[in-house]
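Structural features, examined
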Amino acid sequence: MAVRTLIVPRLLLGTHITRGAFPRQSRLLSTGHLQGRTESRPELGVFTRSSIGTFFQDRPLLKNPFLEDALLQKYLSRNLPPQILGTIRADLAQFGKRIVTELDVLGQQCEDSPPRLQHYDAWGCRIDRILTCPAWARMKEISAQEGLVAAGYERTYGEWSRVFQMSKIYLYSPSAGLYTCPLAMTDGAAKVIESLGMTWPLEKAFQRLTCRDPQRFWTSGQWMTERKGGSDVANGTETVALPQADGTYKLYGFKWFTSATDADMTLTLGRELDEEGFPKQGSKGLSLFYAEVRDEQGNLNGIEVQRLKDKLGTRQVPTAELLLDGLPAHRISSEGRGVASISSMLTITRIHNTVSAVAAMRRIIQLGREYAAKRFVFGKFLRDHALHVQTMARMEVETRGAFLLLMEVCQLLGREECGLTSELDCHLLRLLTPVAKLYTGKQAVAVVSEGLECFGGQGYMEDTGLPRMLRDAQVLSIWEGTTNVLSLDVLRCLAKSNGQVLEAFYSQVKIKLEAASGNQALASPVMAVDCALSKLGQFVQVAARGATSYLELAARDLSCSLARIYMGALLIENATWEGASDSDIYAATRWCEQDLCPVVNNKDHGWYNPETPDKDAMLVYEVSPHHGQSMAGE
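Let me begin by describing the structure that accompanies this report. (Residues numbered from 1 in each chain as written. Predicted model: local features only at pLDDT ≥ 70, side-chain atom pairs only at ≥ 80, totals over all residues. Heavy atoms only, no water.)

Section: the overall build of the protein
Definition in use: Elements are defined by DSSP. Helices are runs of H or I of four residues or more, strands are runs of E of two residues or more, and each kind is numbered from the N terminus. Each residue gets one of three labels from its accessible area relative to the maximum for its type: buried under 20%, exposed over 50%, partly exposed in between, using a 1.4 Å probe on protein chains only. The contact rule is simple, with two residues in contact once any of their heavy atoms fall within 4.5 Å. Every accessible area reported is derived by Shrake-Rupley at a probe size of 1.4 Å, with residue values counting cover from the shown protein chains alone. We score Asp and Glu as negative and Lys and Arg as positive, and we do not count His or the chain ends. Here the site of a charge means atom NZ of a Lys, CZ of an Arg, CG of an Asp or CD of a Glu.
Per the secondary structure count, the protein includes 20 helices and 14 strands. In terms of principal-axis extent, the alpha carbons of the protein reach across some 105 × 75 × 75 Å. Out of the 634 residues in the protein, the part that is buried amounts to 51%. Residue pairs in contact within the protein that sit at least 24 positions apart in sequence constitute 73% of those at least 6 positions apart. Of the roughly 30000 Å² that the protein leaves accessible, carbon and sulfur atoms contribute 52%. Separation of charge centres in the protein, based on 69 positive and 71 negative side chains, amounts to 7 Å.

Encoded structure:
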């Protein structure tokens, strides 16, 4: 048998091969005749200067996130008045450039250098100092300079000020090293103070929370969660507020979960005492208090930091357990109106949660899209593999629906703050805020997880920075109320309004559908949303006549149905704009092909019947009939 030989170019022998020089199909050198066969081995010349080969995959590059976001740009062009559109676009484009050139590196440094707790100084004195990296401090300065909180309160752009502010945070969030967490609570605190009135000492606090001067800018904590935990603050709060002779209070209690513990001030709940000196129980015993975290010397004010939390994600944020041992505080709510007074804070922080969720989805798609143009496998680039692009298209549809829902809530908030909302708008804002938060929180985990898969094994490698996105996304369905807690909040919202909230919902969806009624390209999605809306109405009418437990079982599916229907209407509305593209129509069509009203489907399967809870419990807690032990344990 003839021995096949290849001439090795001199370039490949004894020469370092640069990226891209290695041929797509490795050439082979003959090893001679062996047992009647011609054996070939990889051409050794390309490995003479390296033991790891010549191929290095180019990483995905972060480009200006504003210029890469066609949907955001189109949304602004469609909605903003011409006199402010140019100014806002220029600001966002410049900020997008700053994210690429400066902020993204700082965010990674925050991840690489998480906060540490120093309990004692060199001489044994208890100091409880939370040590953060220089990048974390720099993020605070930049947040002030860019007006990431201030823009919402300066109201330079009137009713569009919140859309502008949240658009900046949306671009910033994936690169922020989680500095968006203290910003969310700062924004929430400013909203509470604004709603309660600018009395001393709140006026000073408000000015610092909303200023652009890095030297004066304050961040705020939100210390609500205690050992009993969770959203049930009415029954879980044990902190006691002892009145002082000068009209102030001192707080004593244990805060189990305090995010951004290095904040300058905080808002927190505490129980006032009854005439006999015992803490008043229930929500009527809770008042809202304002406290500055440190004294004039920079020492903690009656606070001991017990430990920093070891979390799945959001490791960049200092989260701690605190013992309040005489924290000086001012009551800022009416007595017993603490829970009611934080409602405006929850609106803001839940919107921030939604911003972070949508931003994470958009960023993973931007990186995945860039990577698909440079990853060459199975004979072509990823962008040329139809199945890969189909997967990313599904992620894109989810992200587009989530983005439009986010912007709808921001627009309603901006209108409310400028006194431009109707009663219908106010009801819609009250409903859509928890709906957007709960739905996008779940979407973010799913989309980011799918996004990691688009990078293959590199999506699982910590040093790429990609796994952090999934870890951090998981908090979005937990913080500020889990999905189930917010679903029950949606029920309360519906019940308290005597049907007006649902009326607002139906009215807005119908308006958006009617605007698209003459567009044949949108006939199918319009019909799908209209049909789902009709089914939802029938379900609500029947469920309202049933037991309370029936609606409670349906709460999660009802909330998801509200989200999907409204997002479908928003995608349709976006596709009717004169500047809409074929992809806008396609996105609306794809979204509306799913089950838009799962609460009806699940109702037909008996998920909310009276016997269902017992069956669910049997399924979850099934035990051996012989030993009374979990069968899983056997």
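Points about the packing of aromatic side chains
We count it as follows: Each Phe, Tyr or Trp ring (for Trp, its six-membered ring) is paired with any other whose centre lies within 6.5 Å, and the angle between the two planes then decides the class: stacked below 30 degrees, edge-to-face above 60, tilted in between. Any Lys NZ or Arg CZ found within 6 Å of a ring centre and within 35 degrees of that ring's normal is scored as a charge over the ring.
This model, assessed by the stated rule, comprises 15 aromatic pairs. Ring centres 6.1 Å apart and planes at 40 degrees place the aromatic pair Phe95 and Tyr172 in the tilted group. Residue Phe95 is located in helix α2 (residues 82-112), and its partner Tyr172 is located in helix α5 (residues 161-172); the two are separated by 77 residues in the primary sequence. By relative accessible area, which is 0% here, Tyr172 ends up buried. Here the aromatic rings of Trp256 and Phe257 are separated by 6.1 Å at their centres, their planes lie at 35 degrees, and the arrangement is tilted. By the ring-pair criterion, three or more aromatic residues cluster together here, those being Tyr75, Tyr170 and Phe403. Above the ring of Trp256, the side-chain terminus of Lys309 is found at 3.6 Å from the ring centroid. In this structure, Arg383 is placed above the aromatic ring of Phe381, and the distance from its NZ or CZ to the ring centre is 5.5 Å.

Regarding α2
What counts here: The length a helix should cover is 1.5 Å for every residue beyond the first. The bend reported for a residue corresponds to the angle between axes fitted to the seven residues ending at that residue and the seven starting there.
Taking 1.5 Å as the rise per residue, α2 with 31 residues should run 45 Å; its terminal C-alpha atoms sit 43 Å apart, in good agreement. Along its length, α2 shows its largest kink, about 50 degrees, at Ile99.

Points about the environment of Gln508
Along the polypeptide, Gln508 turns up in helix α15 (residues 500-515). Between the C-alpha atoms of Gln508 and Tyr566, which are 58 residues apart in sequence, the distance is 8.6 Å.

Looking at the pairing of strand β12 (residues 320-331)
Put simply, the rule reads: A strand pair is defined by DSSP finding two or more bridges across the two strands.
Sheet topology note: the strand β8 (residues 249-258)/β12 ladder contains 8 bridges and is antiparallel. Considered in β12, the bridge of Thr258 is made with Ala320. For strand β10 (residues 286-292) and β12, the ladder comprises 2 bridges, and the chain directions are antiparallel. Within β12, the residue paired with Tyr290 across the bridge is His330. Of the pairings in the sheet, the one linking strand β11 (residues 303-308) to β12 comprises 5 bridges and is antiparallel in character. Of the residues in β12, the one forming a bridge with Leu308 is Ala320.

So, unusual backbone geometry
The omega torsion across Trp200 and Pro201 is 5 degrees, close enough to zero to call that bond cis. Within the secondary structure, Pro201 is located in the loop between α6 (180-196) and α7 (202-209). Although it is not a glycine, Ala260 sits at a positive phi angle of roughly 50 degrees. In this fold, Ala260 is placed in the loop between β8 and β9 (265-271). Within the chain, Asn498 stands out as a residue other than glycine whose phi angle is a positive 55 degrees. Mapped onto the secondary structure, Asn498 falls in the loop between α14 (483-496) and α15.

Side note on a nonpolar patch on the surface
Going by this rule: Patch members must show over 30% relative accessible area and no salt bridge, and they are joined within 9 Å when carrying like charges or within 5 Å when they are nonpolar side chains of Val, Leu, Ile, Met, Phe, Trp or Tyr. Salt bridge criterion: a side-chain nitrogen from Lys or Arg within 4 Å of a carboxyl oxygen from Asp or Glu.
Taken together, the side chains of Leu619, Val620 and Tyr621 make up a nonpolar region of the molecular surface, amounting to roughly 400 Å² of accessible area. Relative to the helices and strands, Val620 resides in helix α20 (residues 612-620).

Some remarks on the pattern of salt bridges
This model, assessed by the stated rule, comprises 45 salt bridges. Salt-bridge contacts for Glu154 lead to Arg212; the nearest nitrogen and oxygen are separated by 2.7 Å. Note that Glu154 is positioned in helix α4 (residues 151-154) and Arg212 in the loop between α7 and β5 (220-223), a separation of 58 residues in sequence. For Glu154, a relative accessible area of 37% translates into the label partly exposed. The partner of Arg415 in a salt bridge is Glu159, and the shortest N-O contact between them spans 3.0 Å. You can see Arg415 sitting in helix α11 (residues 386-417) and its partner Glu159 sitting in the loop between α4 and α5, a full 256 residues away along the chain. In this structure, a network of salt bridges that share partners links the residues Asp91, Arg98, Glu102, Arg138, Glu141, Glu146 and Lys168.

Observations regarding the packing of α5 against helix α10 (residues 343-372)
Rule in force here: The angle between two axes is taken between their N-to-C directions and runs from 0 to 180 degrees, where each axis is a line fitted to C-alpha atoms and a helix contributes only its stretch in contact. Working rule for angles: under 35 degrees goes down as roughly parallel, over 145 as roughly antiparallel, 65 to 115 as roughly perpendicular, anything else as oblique. Crossing handedness: left-handed means the near helix sits turned counterclockwise from the far one by under a right angle, and right-handed means the same turn made clockwise.
Two numbers describe how α5 lies on α10: the axes approach to 8 Å, and their chain directions differ by 45 degrees. As judged from the angle between their axes, α5 and α10 are oblique. Seen from above, α5 lies across α10 with right-handed handedness. Here Arg162, Gln165, Met166, Ile169, Tyr170 and Leu171 of α5 lie close against α10, whose contacting residues are Ile348, Ile351, His352, Val355, Val358, Ala359, Arg362 and Arg363.

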